[in-house]
Every structure is written in structure tokens, then in C-alpha cells.
Amino acid sequence: MVEEGDMDSISEEKLSFQAEVSRLLDIVANSLYSNKEIFLRELISNASDACDRLRYAALTEPNLLSGDPGFKIHLKPDAKSRTLTISDNGIGMNRDDLIENLGTIARSGTAAFMRQIEDKGEGANLIGQFGVGFYSVFMVADRVEVTCRKAGEDHAWTWISDGKGEFTVAPASPDSLDLARGSRIVLSLKKDAAEYLDPARLRNIVKTYSDHVAIPVVMTEGDKEDTLNSASAIWMRSKSDITDVQYTEFYHHVAHAMDDPWLRLHFKAEGVIEYSGLLYVPAVQPFDLFNPERRHGVKLYVKRIFITDDCAELVPPYLRFLRGVIDTEDLALNISREMLQSHPVLAKIRGAVTKRVLNELKKKAEKKPEEYAAFWDNFGAVLKEGLYEDASQRETLTGLVRFASTKIEGLTSLSEYVERMPEGQSEIYYITGDDADAVRRSPHLEGFEAKGIEVLLLSDPVDEFWIPAVATFKDKSFKSVTRGGVDLSGFAAKDAGEDGDAKQEPEAAAPGTDALVAFLKLALKDAVKDVRRSERLTGSPVCLIADEGDMDMHLERLLKQHRQIDMASKRVLEINPKHNLIRSLSQRLETKGTAGEGDNAALEDAAWLLLDQARILEGEAVPDPAAFARRLTTIVERGFGA
Ligand code: ADP
């Protein structure tokens, strides 16, 4: 912060953009963005936000308006100087704000996002989802000058940049001090951007992109002033007066997004509590969806006045993908943010809005399953949080969840799964893991596959948490296939003929299996909880499972990653008695009476290799990679007769 007394000593300062901004500017400058005109939307959007913010601050500090309560956004093209000026009398920025807001990207997770863009080398596409905001001016201008005076402060400041790595900030020159408050942005337009000096073109852009902005956008043409937009809150207008394009443009504005929304809900509730809402579900996943510091997507207005975009109470966290506004008549305008925290009116609105949104999702899920699948792909993992967070909506939510499964292409609902359950099956089988493909390849599924039993494939971290909370669906409990206590003996093999006889007799277990189990128990006694014959394996020799009362293996890995626990439970090693390798090991043990010392060492190596293999398949780390490599080498050498 600059102290008053320091003012005289401050002259121009040269500063560098944060590295991410420089990269962003490179992308902006080099991308052949097809519609450069959106820079104007971004600037008008910022100007209208700045007016909203001042209007709110003035509710408690009326002198911030210093007698000028009329908000306005002003455009002035000047062909002679080849400049376009956009000004507003909103809240403005001081020196620190300018450096912070126009020198860095404050939005959380942005740095990570920028790296992602670079890695994928598809900046131009992804940047569209992200919205470049203010920095989009450098698509059309090679020099930008921003002069600001923050409402209630004495000093004005000027920020200047050509968008090439550096910017300067200095006290505003005396001839720009006519700015009583707010911001004035002067764009020196590039040669190929002269069209933005043409009043007709500007009028058209404002009409297209910014008609919904609730603050008048005025253009000066000679000595004429002309308002270009409707300047009324779009959510208060009747649906029939709003075109699809206008709805979409409002979404772009309110969500800082560029996609076409997947769903829109425009509603007005007139009951005990009166409110209107215009909400959207994006078509692409916002990049900070899982970032705890993300912005809230739904803005709260009271009687058309913006109150906050930081209200956690407005929609539940599991609907945090929603974007838009809610405007109510039933809160006091001067309500403080603290009072919002547990306000009964907000709680009622949240409950009603949640119901409304879930209801719309349900309609989509039933009538347009393919479209719903796209939504699910983006936001299913978020919606599932509601299953344990919001018991009041659990029933509706269990109807909305979708899963990949071993039986069908695409997604299934729980009801559909239950309808497909064969007679005799009383549990809903599922498997959890880190990603869909790994889960699909898991050896734990083999026995279920062989008997034609459907297993739901779950790969979102949240799955570990809602399943215990929900516990049952239509009186069927959920059962993990990676745990003990799964009994498949009652199910006939998939290929079974009419009379239930298997077409092909499976390989019988070798006689020495019991001896092998005993040997493995002894050899691995400190590393596993137990060794058992498996029913769930057909193709693989071994797998690990969690014992019935123990923590699921995938959950334990998740908790370890997040440092919630550091202990590890011992697992049960299951062996497949019909597998060739297990059979030959068993036979080897049977005949071992005649074998020597060396043979014992080789069997022990095999025991550890089997365990490590099961760990790898499970996605766990091998605790002693050097020993693993040594054993593997020995065995391969022996195999090649080295
Ligand atoms: P976004 O609007 O998405 O936050 P921008 O890059 O467009 O990103 O703007 C960054 C920040 O600069 C804004 O969040 C706001 O705080 C500030 N800002 C931009 N334009 C103005 C303006 N006209 N008046 C006041 N503050 C502004």
C-alpha cells in the first residue's frame, strides 16, 4: 500500500507480468481467434461488475457515490487518434489493485491450467473455455492505457502496457484527473482492427453480446449520445422476450465462459418467498471444479442489486457447477455477508432451487439419455457428493447416478442394474479404482465375468465415500468385488448348457494346492493377512483382496495420498488353484520330498513375486523394488537357462 505522504516520491514503476500472464498473452496474440470482437464484451462485463460492486459498497457507505448515483458505461471511438475508449464510473482500482488485477491471474488453479494448455499444445481451443478476460484487449490493441480512481480515494493511477511482458504503473497525469471515480481504458487499435472505430460496428457488437448488461452502455458519436443496450436485468424479463442468443450471451457474461450452456433454467417463484433465477449448467467442465478456492458460480442479487458472488449458502456444494443469478425480494438490501451465512430465507431458496435443478436433470436423464451422459461425464463426480452430503435429496440423487458396467456399453442407472440382476443375486456388485480402464482390467472381475454377473465400474474418488453412506438401493446392499465374503458358488458358469453342465470342464486344481497355501502363508507371513484359494479368479494366478471387516484397498490408497492415514492394512492373497502357474507350483511342492535346498529358495522367490505381481495389478507400489528386480532376474535367467 502506498502511504499518502509517499505520493510525491512515486513516479513511474516498470513491472513484469506474472509468468502465466505472459504465456497467456502469447497465446492471445498468436491465436487466430476467429471472433476478436469479444474483447468488447469482456471490457463491458468488467465495467458492469465494477458498477455492481460499487453500488453494493454504497449501501453501507453512501458517500462513495459522492452525489453521482447514476452508473454508466461509456464508449468513445476516435478515428483521428485511432483509439477506442471504454470508461465506467464503477468502483475503480488503486495502484495495488491495478498491479494485482492486471498483472497476475488471480484466479485459483490458473497456473496449473496454463501448464495444461501448454502441454496439450491446444492453447487456442482451451483458452476459449477459460475466458481471457481483460487480456483479450491485446488481440486488437498494441497499446493499452488504463486510468483509474478508486471510489472514495484521492489519487488516480495509470497502467500502461503493450502486452509484451511488462507494464508500467504511475500516478495519473493531471489532464486525466477529470475521472471522478472508476476506470477509463484507452485502446490504441492495431492496424487490422480499425473496424472497432466504426460506430455501427460497435453498436452491433454491444447489441449482440452485451444487451443484457443492466447498466446503460452509452456511445458518443460527435456530440450525440446514444444508449446501445436494453439495460434491464435479463432474469426479470419474460421468457418470450429473450432470444436463445441473448440467453447464451448472458451465460458467457455471468460465467466468464465461452461454451454454449448444456442446460438453462429461468424461473420465478412467487410464494412465501419471492425470487427469480436464471441458472445454467455449462457444457464443459470448469477447470477449477475441484479446487477448494474456486469462485462461486451463482451470484446473489437482492431487488436487482448485486450483493455477492461469494455466497456459499446459495446452492449446495454438489451443485457447484451451476452458473447464473438468483435475485430475491425477501432479503434486506443492506444485509451483511455474515448474516447471509445461516439466513432462513437463503436456506429456503437453496432447498427450492436444488429441487428444481434436480428435477430438470431427471427430465434430461429420462428423455435425453445421450445428452445426460455428456453432463454425467463432466459433473457426475460432483453430483455424487450429494449422496452423502444431502440426505434429504438422496432418493432423487440415487435415481440420477450413472455407472459404467461390465455388461453394457455406455452408462447404466441403478434401477437398470437391479432389473438385470439374475435370480439368486441379492447384492449390487461394484469395483472401485483410480481410472476406468484399470478398473475394467482388474483380475477381481474374472470370476464375475465367467459367471455373467454384472459389476459396476467406479473410478471417482468420491465413490468410496457415498457407498457406505447410501449402503443399499431397493433393499440390495452394495458389495465390493475386491473384498472377502463374496460367494459366487451359487451361480452357474456363463457358458453352461441347458441342464447346467459346463460345456468345458475347467482344469481341476492340482492335489498340492493345500500345501502351496500353507507354504505361502509361512513364506509371506509378515506381509499378508492370509492366503486363500480364490473363486473370483479365472485367468490370473493371484490377486489381493481386503478382508471382510478391513478397509477397501482403493480407499486406503486415497487416504494415504491425502495423508489422512499412514498405516497400511495387511491384505489377503488369493490364489487361483486352476491356473497353470499355481498348479505347477503345487506339484513342485508335492514332489519336494526329493528336492534340495536350492529348490526351496526358488519357491520362496516365486512366493514373493506372486505377491508383488498382485500388488502391481492392484495399483500399489512394490515395497522393495530392488528385491523384486533381483528375483525377477533370477527366474528369467533360469527360464533361459543362463
Ligand atoms: P475477471 O473479470 O474474469 O476476473 P479480468 O482479467 O477481466 O478477469 O479482470 C481481472 C480483475 O480486474 C477483475 O476481477 C477486477 O477485479 C479488475 N477489473 C477489471 N476491469 C475493471 C474495471 N473496469 N473496474 C474495476 N476493476 C476492474
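Here's a quick rundown of the structure. All figures in this text were calculated on a predicted structure; none of them were measured in a lab.

Procedures and definitions
- Residues numbered from 1 in each chain as written.
- Predicted model: local features only at pLDDT ≥ 70, side-chain atom pairs only at ≥ 80, totals over all residues.
- Heavy atoms only, no water.
- Helix = DSSP H or I, 4+ residues; strand = E, 2+ residues; numbered from the N terminus.
- Buried < 20%, exposed > 50% of the residue type's maximum accessible area, 1.4 Å probe, protein only.
- Contact = heavy atoms within 4.5 Å.
- Salt bridge = Lys/Arg side-chain N within 4 Å of Asp/Glu carboxyl O.
- Pairing = 2+ DSSP bridges.
- Axes fitted to C-alpha atoms, helices over the stretch in contact; angles between N-to-C directions.
- Patch = residues over 30% accessible without salt bridge, like charges linked within 9 Å, V, L, I, M, F, W, Y side chains within 5 Å.
- Areas by Shrake-Rupley, 256 points an atom, 1.4 Å probe, with all protein chains shown as cover.
- Core = buried A, V, L, I, M, F, W, Y, C linked by side-chain atoms within 4.5 Å.

### Observations concerning the overall build of the protein
Each helix and strand in the protein was counted, giving 21 helices and 22 strands. Residue burial in the protein is summarised as follows: out of 642 residues, 50% are buried. Sequence-distant contacts, at least 24 apart, represent 71% of the contacts inside the protein between residues at least 6 apart.

### Observations regarding the pattern of salt bridges
Summed over all chains, the structure comprises 39 salt bridges. Notably, a salt bridge pairs Asp-327 with Arg-304, separated by 3.2 Å at the nearest N-O pair. In this pair, Asp-327 is assigned in strand β14 (residues 323-328) and Arg-304 in the loop between β12 (298-302) and β13 (305-308), connecting sequence segments 23 residues apart. Taking the relative accessible area as the measure of exposure, Asp-327 reaches 0% and is therefore buried. For Arg-304, a relative accessible area of 30% gives the class partly exposed.

### Quick word on the sheet that holds β13
An order of β10-β11-β14-β12-β13 is seen for the five strands of this open sheet, with the pairing classed as mixed. Each edge of the open sheet is held by one strand with a lone partner, namely β10 (263-270) and β13. Along the sheet, successive strands turn relative to each other by an average axial angle of 20°, direction set aside.

### A word on the sheet that holds strand β20 (residues 528-533)
Within a beta sheet, neighbouring strands are joined by backbone hydrogen bonds and run either parallel or antiparallel to one another. Strand order in the open sheet made by the three strands is β20-β22-β21, with mixed pairing throughout. The strands lining the two open edges of the sheet, one partner per strand, are β20 and β21 (542-545). Strand after strand, the sheet turns through a mean of 25° between neighbouring axes, direction not considered. Bridge analysis of β21 against strand β22 (residues 571-575) gives four bridges, and the strand direction is antiparallel. Residue pairing in the sheet places Val-542 in a bridge with Ile-575 of β22. Sheet contacts for helix α17 (residues 513-523): β20 and β22; angle to β20, the most-contacted strand, approximately 170°.

### Structural notes on a nonpolar patch on the surface
A cluster of nonpolar side chains, namely Leu-632, Val-636 and Phe-640, defines an oily patch on the protein surface of about 320 Å² accessible area. Relative to the elements of secondary structure, Phe-640 occurs in the segment after α21 (625-639). Taking relative accessible area as the criterion, Phe-640 reaches 73% and is therefore assigned exposed.

### Section: the side chain of Lys-479
Residue placement: Lys-479 occurs in strand β19 (residues 476-480). By relative accessible area, Lys-479 is classed as buried at 12%. If sequence neighbours within four positions are ignored, Lys-479 has contacts with Glu-427, Ile-428, Tyr-429, Tyr-430, Gly-484, Gly-485, Val-486 and Glu-548.

### A few points about the nonpolar core
One recurring pattern in soluble globular proteins: nonpolar side chains tend to sit buried together. Formed by 72 residues in total, the largest nonpolar core has its most connected members in Phe-321, Leu-361, Phe-375 and Leu-383. Take this core: its biggest share by element is eight residues, from helix α9 (residues 344-367). Each residue touching Leu-361, except ones within four places of it in the same chain, is listed here: Trp-262, Leu-263, Tyr-372, Phe-375, Leu-383 and Leu-400. Counting residues in hydrophobic clusters, the runner-up holds 59 residues, among them Ala-58, Tyr-135, Leu-189 and Leu-228.

Treat this as a map of the structure, not an account of what it does.
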